[in-house]
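Residues per chain, in single letters:
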Amino acid sequence: MVTDKPIGIVAGVGPYAGLDLLSKILAETPANKDQDHLPVYSLSQPDEILDRTEYLLGEVDENPAYAMARQLQKLAAMGAQVAGIPCNTAHAPPIFDVIVAELQAANCPIHLLHMIREVGRHLQAHYPDIQTVGVLSTTGTYQARVYPQVLEGLGLTVVAPDEAMQVERIHPAIYDSEYGIKATGAPSELARTYLLDGALALRKLGAQALVLGCTEMPLAIHEKQLYTMITIDPTRILARALIREARGSG
């Protein structure tokens, strides 16, 4: 009998995104009763993890990778064997590579999935005819070119909003202290409007698919298509990947 591997979630990056990932793991797991669901350890300690975008923009000195690596070690000690971080910006190489190095130095056996690579895998498997992908994200993810680094390596063209729209609309839709999704939890009308403005701009640049490249964005955009673009929810893709690895279905 094959035993499912327990899943670990670094759930404080941000807390609403962590809750969304847990919800999507439940939704995506084939289950007829409680006992059919996978074991999941969700650790939400946001006070320990500095903001990923602020680090990439040079606004804080401490790399949040160290705190996330410590939390992954806690999850491993609890029994988690496969893990995910529901934060796109955390997958920027200056952060993610340090997390991996810290886990290796600690001989931590947890298998950490890379959400952006899973998005690339999903696009190749399900949308092989798509050539141009639009990405909405935080300014940290935007400037670190997290998605282009992965998707362009797969032969895809990646388009993003211009700098003015990124700074004035897209990033505030997530971070503004009054109407941003991190502050409100539920998306405000203004935050959704700004994200839709960004989506339309990407469609005009030729995007055939739209990646919601911040894990708070799927809280505001639920449509499977926008302006004829397929919408790609990295949180749901990560949930499916964690289930795949936990069940050993490769």
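Anything mentioned here points back to the structure above.
Owing to the predicted nature of the structure, the values given are computational and were not obtained by experimental measurement.

With that settled, the discussion passes to the pairing of strand β9 (residues 229-232). Side chains Met229 and Thr231 of β9 all project onto a buried face; the interleaved residues Ile230 and Ile232 project onto the opposite face, where all are buried too. The sheet contact formed by strand β7 (residues 209-213) and β9 spans three bridges and is parallel. Across the sheet, the residue bridging to Ala209 is Ile230, located in β9. Where strand β8 (residues 225-226) lies against β9, two bridges are found, and the strand directions are antiparallel. Looking at the pairing, Gln225 lines up with Ile230 of β9. The loop that links β8 with its antiparallel partner β9 comprises two residues; one of these, Tyr227, has a positive phi angle of about 50 degrees.

We now examine the side chain of Gln166. As for its placement among the helices and strands, Gln166 is situated in helix α8 (residues 163-175). Only 3.0 Å separates the side chain of Gln166 from the backbone oxygen of Ser137, close enough to count as a polar contact.

Across all of its chains, the model carries zero disulfides by this definition. Take Cys87: it sits in no disulfide, and the sulfur closest to it among the cysteines is that of Cys214, at 7.1 Å. Its relative accessible area of 6% is what places Cys87 among the buried residues.

Where helix α3 (residues 65-78) contacts helix α4 (residues 93-105), the axes come no closer than 8 Å and their chain directions differ by 45 degrees. Put simply, α3 runs oblique to α4. Handedness of the crossing formed by α3 with α4: right-handed. Of α4, the residues touching α3 (which contributes Ala65, Tyr66, Met68, Ala69, Leu72 and Gln73) are Ile95, Val98, Ile99, Glu102 and Leu103. The residue makeup of the contact of α3 with α4, split by class, is nine nonpolar, one polar and one charged.

Before going further, it helps to examine the packing of aromatic side chains. Applying the stated criterion across every chain yields a total of one aromatic pair. On the numbers, 5.9 Å between centres and 85 degrees between planes, the contact of Tyr179 with Tyr194 is edge-to-face. On the criterion of sequence distance, the pair formed by Tyr179 in the loop between α8 and α9 (181-184) and Tyr194 in helix α10 (residues 189-204) is long-range, its members being 15 residues apart. Using a relative accessible area of 16% as the deciding quantity, one classes Tyr194 as buried.

Rules of the game
- Residues numbered from 1 in each chain as written.
- Predicted model: local features only at pLDDT ≥ 70, side-chain atom pairs only at ≥ 80, totals over all residues.
- Heavy atoms only, no water.
- Buried < 20%, exposed > 50% of the residue type's maximum accessible area, 1.4 Å probe, protein only.
- Helix = DSSP H or I, 4+ residues; strand = E, 2+ residues; numbered from the N terminus.
- Pairing = 2+ DSSP bridges.
- Polar contact = N/O pair within 3.5 Å; in protein donor to acceptor, adjacent residues only side chain to side chain.
- Disulfide = S-S within 2.5 Å.
- Axes fitted to C-alpha atoms, helices over the stretch in contact; angles between N-to-C directions.
- Parallel < 35°, antiparallel > 145°, perpendicular 65-115°, else oblique.
- Left-handed = near helix turned anticlockwise from the far one by under 90°.
- Contact = heavy atoms within 4.5 Å.
- Nonpolar A, V, L, I, M, F, W, Y, C, P; charged D, E, K, R; others polar.
- Phe/Tyr/Trp six-rings, centres within 6.5 Å; stacked < 30°, edge-to-face > 60°.

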